[in-house]
Amino acid sequence: MKFGVVVFPGSNCDHDCYDVIKNVLKQPVEYIWHGDTKLDHFDCLILPGGFSYGDYLRCGAIARFSPVMEKIKIFAEKGGRVIGICNGFQILTEAGLLPGALVRNKGLHFICKHVQIRTENAKTPFTNQLKNGQLLNIPIAHGEGNYVCDPKTLNDLKRYKQIVFTYYGDNPNGSTANIAGICNKKRNVLGMMPHPERASEEVLGSKDGKLIFDSILRHLRSDR
Amino acid sequence: MAKVKIYITAKKGILDPAGKAAEAALQSLGYKNASNVHIGKYIELDIQGKQINKEIAEMCQKLLANPIIEDYHFEVSGE
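Only a predicted model underlies this, so the values are computations on that prediction, with no experimental measurement involved. (Residues numbered from 1 in each chain as written. Chains lettered and ligands numbered in written order. Predicted model: local features only at pLDDT ≥ 70, side-chain atom pairs only at ≥ 80, totals over all residues.)

**Thoughts on the sheet that holds strand β3 (residues 44–47) of chain A**
Residue and element names in this part refer to chain A. Taking strand neighbours across the sheet as the criterion, the nine strands line up as β2-β1-β3-β4-β11-β10-β9-β6-β7 in an open arrangement whose pairing is mixed. Each of the sheet's edge strands pairs with one partner strand only, and the pair in question is β2 (29–33) and β7 (135–142). In this sheet, neighbouring strand axes are inclined to one another by 25° on average, regardless of whether the strands run parallel or antiparallel. Relative to strand β11 (residues 189–192), strand β4 (residues 81–85) runs parallel, the two being bridged by four bridges. Bridged to Ile85 within β11 is Met192. (Pairing = 2+ DSSP bridges. Helix = DSSP H or I, 4+ residues; strand = E, 2+ residues; numbered from the N terminus. Axes fitted to C-alpha atoms, helices over the stretch in contact; angles between N-to-C directions.)

Right, dumping it as structure tokens:
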């Protein structure tokens, strides 16, 4: 299964994602520069965390106009799996691949710590190795992770079971409905603020994030 | 050549924590009469052409503002 890690100017979790896919999941992986436009040979694309384009204007606002993003939209429309982590989630909402937006944390602070998230939908390509209600210990590291959307969008998210992860216990950023991660209606695009790639090896304090990558792999294999 | 001033503000109902923090600071400085503090963005640009209003609105919708969370308005002068 071929993974691609998209690199924007200012991405800083690209190497972590690459390392997890290559050395933990032991799957082939390539970096994709934001100017590249050849994506057909990939099975899953990862938009990593960081500060693409310095977070200028709004987080993800400029990255969404990178040449690679037009191709990622086509890739996703064809059913290709895309996971956006942190800044990657922000880019996916700015690009319209996921509904809503991410705004400044309620308390204004940048928060970097381990949190508990709850699995709300275990029937997605990204969560099939989890159970509904399962808690994961995964770190967050963001200043703009407060998910907002209008009431109609929230109703749709609930109705179509697009809320994949919620914060369990304290909500660190004030997000609507405690949302930590959502997917699109087709279930092939996931955006989440917590960083599973930072919690995929015991030495890092938690391996819970690996379950998400395991799920993707399982899904891709069963799809073949 | 026209000069354009663009103002971007958080939509009503969208939390504006920076505005809230500034408001609390003003209150603690003794300005008890200040309320509804909101912090937005101000963008200036020069532009040429005939359909300036249409183009600026497009720029705001596509890039400069996020219509999901922000409102915008602009002033064109010096044509």
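**A closer look at the nonpolar core**
Among the nonpolar cores identified, the biggest contains 71 residues, and Val5, Val6, Leu45 and Ile46 of chain A are the most heavily contacted of them. When sequence neighbours within four positions are dropped, the list of residues in contact with Ile46 of chain A reads Phe3, Gly4, Val5, Val6, Cys17, Ile83 and Ile85 of chain A. Formed by six residues, the second largest nonpolar core is a distinct cluster that contains Ile8, Cys60, Ala65 and Tyr72 of chain B. (Core = buried A, V, L, I, M, F, W, Y, C linked by C-beta atoms within 7 Å. Buried ≥ 20, exposed ≤ 12 C-beta atoms within 10 Å, placed from the backbone. Contact = placed C-beta atoms within 7 Å.)

**Here's the deal with the sheet that holds strand β3 (residues 70–77) of chain B**
Residues and elements named next belong to chain B. Read across the sheet, three strands follow the order β2-β1-β3 without closing on themselves; strand pairing throughout is antiparallel. In the strand order of this sheet, the two ends are held by β2 (41–47) and β3, each with one partner. Geometrically, the sheet is characterised by an average inter-axis angle of 20° between neighbouring strands, direction not taken into account. Relative to β3, strand β1 (residues 2–10) runs antiparallel, the two being bridged by eight bridges. Within the sheet, the bridge partner assigned to Ala10 lies in β3 and is Glu70. Along the sheet, helix α2 (residues 52–64) makes contact with β1, β2 and β3, crossing β1 at roughly 35°.

**What to know about helix α5 (residues 210–223) of chain A**
Along its 14 residues, α5 of chain A runs 20 Å from first to last C-alpha, staying within 8% of the 20 Å computed at 1.5 Å per residue. Lining the buried residues of α5 of chain A we find α1 (14–24), β3 and β4 of chain A. (Expected span 1.5 Å × (residues − 1).)

**Description of the pairing of β4 of chain A**
Walk down a regular strand and you will see the side chains alternate between the two sheet faces. When you tally the buried positions in β4 of chain A, you get five out of five residues, the bulk of the element. The handedness of the β3 of chain A to β4 of chain A crossover, carried by helix α2 (residues 67–77) of chain A, is right-handed. (Right-handed = clockwise from strand over helix to strand, strands pointing away.)

**Digging into the interface of chain A and chain B**
Listed by partner, the interface residues are 12 residues for chain A and nine residues for chain B. Of all elements in the fold, only β5 (101–103) and β8 (146–148) of chain A reach the threshold of two or more residues within the side of chain A that touches chain B.

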